[in-house]
Structures are given as C-alpha cells and as structure tokens.
Amino acid sequence: MIEIRQVGHAFGERVVLRDLTLDLTERRIAVVGGNGSGKSTFARLLNGLLVPSRGHVRVDGLDTRRDGKAVRRKVGFVFQNPDNQIVLPGVAEDLAFGLRNLGLPKDEIARRVDEALHRYDLQALADHPAHLLSGGQKQLLAIAGVLAMAPDIIVLDEPTTLLDLRNKRRIAQAIDALPQRAILVSHDLAFLEGVDRVLVFDEGRVVIDDSPSVALPAYEAMMS
Amino acid sequence: MIPYVPGESPVHRCPPGRKILALVAAGTVLFALPRLDLALAAALLALAATGWLYRVAGIPGRLMLAQLRPLAWILAVLVLVQLALDGWQAGLLVTARLSALVLLAGLVTLTTRSSDLIEALQRGLVWAKPLGANPAKVGLAIALTLRFIPVLAAIAAEVREAQRARGLEGSLVALTVPVVVRMLKMSDDIAAAIDARSYDPDRG
Ligand SMILES: Nc1ncnc2c1ncn2[C@@H]1O[C@H](COP(=O)(O)OP(=O)(O)OP(=O)(O)O)[C@@H](O)[C@H]1O
Ligand SMILES: [Mg+2]
C-alpha cells in the first residue's frame, strides 16, 4: 500500500502539489489532468525519485525520504520517453542493467533477460543496438527492463504518448497483463476505462477521486 | 556508431580482457620500433595479420573499410606531410601503422559486446581503486557514451531540419543552443532513469 500524508511539493517558489492525503491500494489506478497539473511530479514522489517538500510518502511502511533505495526496488518506473531510459547500448545488456544493480547472480540475470526477451518478442533483437529499434520496440524494451526487476508496484508516466495506434494497443495489452499493481498517468481516456480508480488532478490537487465511469465523464466536462 | 556483429569465431570467443591487452601490445610495438625499415616491416605485417583476423572473425570487407572512413582525412593529411618531409617510406609507415591500429581497435568492438568490454575494463581498472578511481562509474560512463552518441546525432539532425524548415541555415550558434538545451533536459531524465533502476555506484 502507498500512503500519502499531507504531501505538498514546490520547485523553489512554484507550488506544484498541495496537501494530498491518499491511500493507494487498488490494482489499477489512473491519474489524469491537464498539462502542468502535477501528474508527473506526483508520479515521481511514489518511488522516491522526488522527495516531497512537505508531508510523507510511505510504500508498504517504507518512507521515501529515509528508505529511498528500498522504495525504488519495490516501485518500478516507466518514463514517457523510452530514448532516455534505455541506458546501455544493446537490447539484452540494457535488460540486464537493472538486474545487475539488484546484485543478482549471473545465471539468474541471464534467465530473466531471456524470459523478458521472449515475453516481449524481442529475442531476434537481443544483440541489436538499442538506438536502431522503432519507437514501439523501444518502449517495450523500457517496460521490459523495469518488469525484469520484478517490482511489486509499477508507475507509468504517459508510456504511450509517443507511439502510433498499433504500438499503443500493444503497450496497453502488456500493461493489462501485468500481475503487479500499476499506477498509470495518461491522457488517453479510452485506455483507462477498465481501471479500478481514477484520480483527476487540477493545479496540484486531486479534484475528483472515483471509479472511471464517474470520474472520466466528469473530467471531460471539466476540460471543455 | 560501430555495432556489434554477433558470431562464434575464435576472435569472438577470445576473452575481452585479452583482446584489449593484445590491442595495447600491438599499439606499443607498432609505435616503439626505432628503425624505419623494421617499423615499416612490422606495420605491413600487422596490417596483413589484421586483414586475416577480420576474415577469421567473418566480418565482411565492407565493414572493415568502414572502420577507416572516419580516419580518411586525417590519414590523407598525415601522408602528405610525411611525403613532403621524409619521403615515401615515412608516408607509407604512418598510413600502415595508423590503419592497422584503427582496424584492430575496430575488430575488438565489432566482436565484443559492449557490456563484456565494459566489464573487462572495469576489472582491469580495479587496481586504480586505491587512487580514487571508481571502475563501476567509469564503466557506466563508457556505456552511456556508446548509447547516447547516436541519440545526440539524431537530435542534432532533427534540430537542423527544423531550422532549415524555417529558413535558418548554416549557423553554428543557432544549432548549438537548442541542441545543448535538449541535452541538458535529456541528461536530467537519464539520471532519473538510472536512479529508478536502482543503480548504486558504490556497489561495483
Ligand atoms: N524540475 C522542475 N523544476 C521546476 N519546475 C518544475 C519541475 N518539474 C516540473 N515543474 C513544474 O511543475 C508543474 C507541474 O509539472 P508536472 O510535470 O508534474 O505536470 P504534468 O501534470 O505531468 O504535465 P504534463 O501533462 O504536461 O506532463 C509545471 O508547471 C512544471 O513547469
Ligand atoms: Mg507529465
């Protein structure tokens, strides 16, 4: 469970999140809101990439301020632009990067890399330079690299924004099939109809917190 | 960017550390021989041996020549200077030496996965730890360089195109500013991504 208690965040003078208190327990949670409403900032708080200027974020009892490292092992993060999160030159080596950071033994790393290559249909590309992949393949690789680390929770910040329709569907299916709890930031409302809970952000506050059948139409009305 | 060409040849299977050592040794011998005739013989021999190693590794001739392309201009200038100063033998020596070395270095990268290369370098750097070097960081820095050179090239091409579309052409400043701005933003994102995947520089 992720507990958010009286959290506020400011970059210098600029207040971006205001007084959030939430418990996140559902299997699929969507985060929507206008540009600049604070969604990415909120997402980054959840795995301690960002520590709030006020209040506390706790993941299964671990405080992101004190136990940042442990929290990042529990909570995987997928960014919007896969180009900036594939850090090693080859496909298989990038998959292994996070696993090596976990200090896993070599054969376990090889096993998990293999499994990830198969699951995401990347086996033919194992030794391929990552920069030659298509946008959809890059995002699949980025997601695979995070999933191979077997996090308990996965946060995805607009993982499909840069993709074409076919790749959007592919990523959507991949996310759907995740056994883990997922928190998904997206502007793609059709993609969010099946989630358990929707948080609508506006100017750094959660203004709607409800099931998708209620929250999504309300959000659309709010934006028009 | 030089890609890795998968294969099962003896050159591929040779441990990366040994390949790096061989490269260093070849470079030392090539540039240390004092007499012109000896040095020339060694350089030509090295060139021939390198060509043979490429065949053993199963690398096509096209890829072999591609290794020399970035060097072509430098070589041309050097040869001309040497010809003017010291005669044709010296010119030939410079060409043979540099080509052999560049081809050998190319062969190492073509037949070694960058992760294996980096790991070997890290192990080789362990002795430098007491001097304050951090092999894990050096390894990651090399890997990141290999990974992001093509990305930077793509960004530069994109920016140049966008500027051309708006009638702005050929200005280095106009190109540099947006490229640097995007690089800074990008490096922020990359740092966050590395953090998000539990990288710990003190572990390695
Ligand atoms: N590192 C930073 N330094 C200063 N200001 C920042 C920083 N990151 C974000 N901001 C500001 O915080 C506000 C919220 O940004 P955030 O990225 O969280 O919004 P968002 O809801 O994800 O928007 P989008 O839909 O465009 O991705 C924006 O006004 C942004 O300019
Ligand atoms: Mg955002």
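Higher on the page you've got the structure.
Fair warning: this is a prediction, and the values are worked out from it, not measured in the lab. (Residues numbered from 1 in each chain as written. Chains lettered and ligands numbered in written order. Predicted model: local features only at pLDDT ≥ 70, side-chain atom pairs only at ≥ 80, totals over all residues. Heavy atoms only, no water.)

Peer 1: In this structure, what is going on with the interface of chain B and chain A? I would like to understand it.
Peer 2: Reports often express the size of an interface as the amount of accessible area lost when the parts come together. Between chain B and chain A, the contact holds 29 residues from the first and 30 residues from the second. In this assembly, chain B packs against chain A so that about 2,500 Å² is buried in total across both faces, 54% of it on carbon and sulfur atoms. Broken down residue by residue, the surface that chain B buries against chain A is led by B:Arg147, B:Arg197 and B:Ser198, which jointly contribute 31%. For the salt bridge of B:Glu119 with A:Lys106, the shortest nitrogen-to-oxygen distance reads 3.3 Å. In this structure, the connection of chain B to chain A is made through 11 residue pairs in polar contact (both at pLDDT 80 or more). The set of elements that each furnish at least two residues to the side of chain B that touches chain A consists of α7 (114-124), α8 (135-165) and α9 (172-196) of chain B. Partitioned by chemical class, the residues of the side of chain B that touches chain A number 18 nonpolar, 3 polar and 8 charged. (Contact = heavy atoms within 4.5 Å. Buried area = accessible area lost by both parts, 1.4 Å probe. Salt bridge = Lys/Arg side-chain N within 4 Å of Asp/Glu carboxyl O. Polar contact = N/O pair within 3.5 Å; in protein donor to acceptor, adjacent residues only side chain to side chain. Helix = DSSP H or I, 4+ residues; strand = E, 2+ residues; numbered from the N terminus. Nonpolar A, V, L, I, M, F, W, Y, C, P; charged D, E, K, R; others polar.)

Peer 1: How do you make sense of empty space enclosed by the protein when you look at a structure like this?
Peer 2: In this approach the atoms are scanned with a rolling probe the size of a water molecule, which exposes any empty space left behind. Residue and element names in this part refer to chain A. Within this structure, the stated rule accounts for 1 cavity of 30 Å³ or more. Considered as a void within the structure, the largest cavity measures approximately 50 Å³ in volume. As for the largest cavity, its lining consists of Ile2, Leu24, Thr25, Glu26, Arg27, Ile29, Ile153, Arg181, Ala182 and Ile183. Looking at the lining of the largest cavity residue by residue, the classes come out as 6 nonpolar, 1 polar and 3 charged. (1 Å grid on protein atoms, 1.4 Å probe; cavity = no way out; pocket = protein on both sides within 12 Å on 5 of 7 lines; lining within 4 Å. Points joined across faces, edges and corners; volume = space filled by probe spheres on them.)

Peer 1: Teacher, can you tell me more about the environment of A:Gln80 here?
Peer 2: All names here are of chain A. By the secondary structure assignment, glutamine 80 is in the loop between β6 (75-78) and α3 (91-101). Accessibility expressed as a relative area gives 31% for glutamine 80, which makes it partly exposed. The sequence separation of glutamine 80 and leucine 162 amounts to 82 residues, and the corresponding C-alpha distance is 7.6 Å. Beyond its immediate chain neighbours, meaning those up to four positions away, glutamine 80 contacts Gln139, Asp157, Glu158, Thr161 and Leu162. (Buried < 20%, exposed > 50% of the residue type's maximum accessible area, 1.4 Å probe, protein only.)

Peer 1: How should the site of ligand 1 be read in this particular structure?
Peer 2: Residue and element names in this part refer to chain A. Inspection of the region around ligand 1 gives 13 residues, with Arg14, Gly36, Lys39, Ser40 and Thr41 positioned closest. One of the side-chain nitrogen or oxygen atoms of serine 40 is found 2.7 Å away from an oxygen atom of ligand 1. If you list the elements that add at least two residues to the shell around ligand 1, you get β2 (14-24) and α1 (39-45). Ranked by residues supplied to the shell around ligand 1, first place goes to α1 with 3 residues. By residue class, the composition of the shell around ligand 1 is 2 nonpolar, 8 polar and 3 charged. (Near = heavy atom within 4 Å.)

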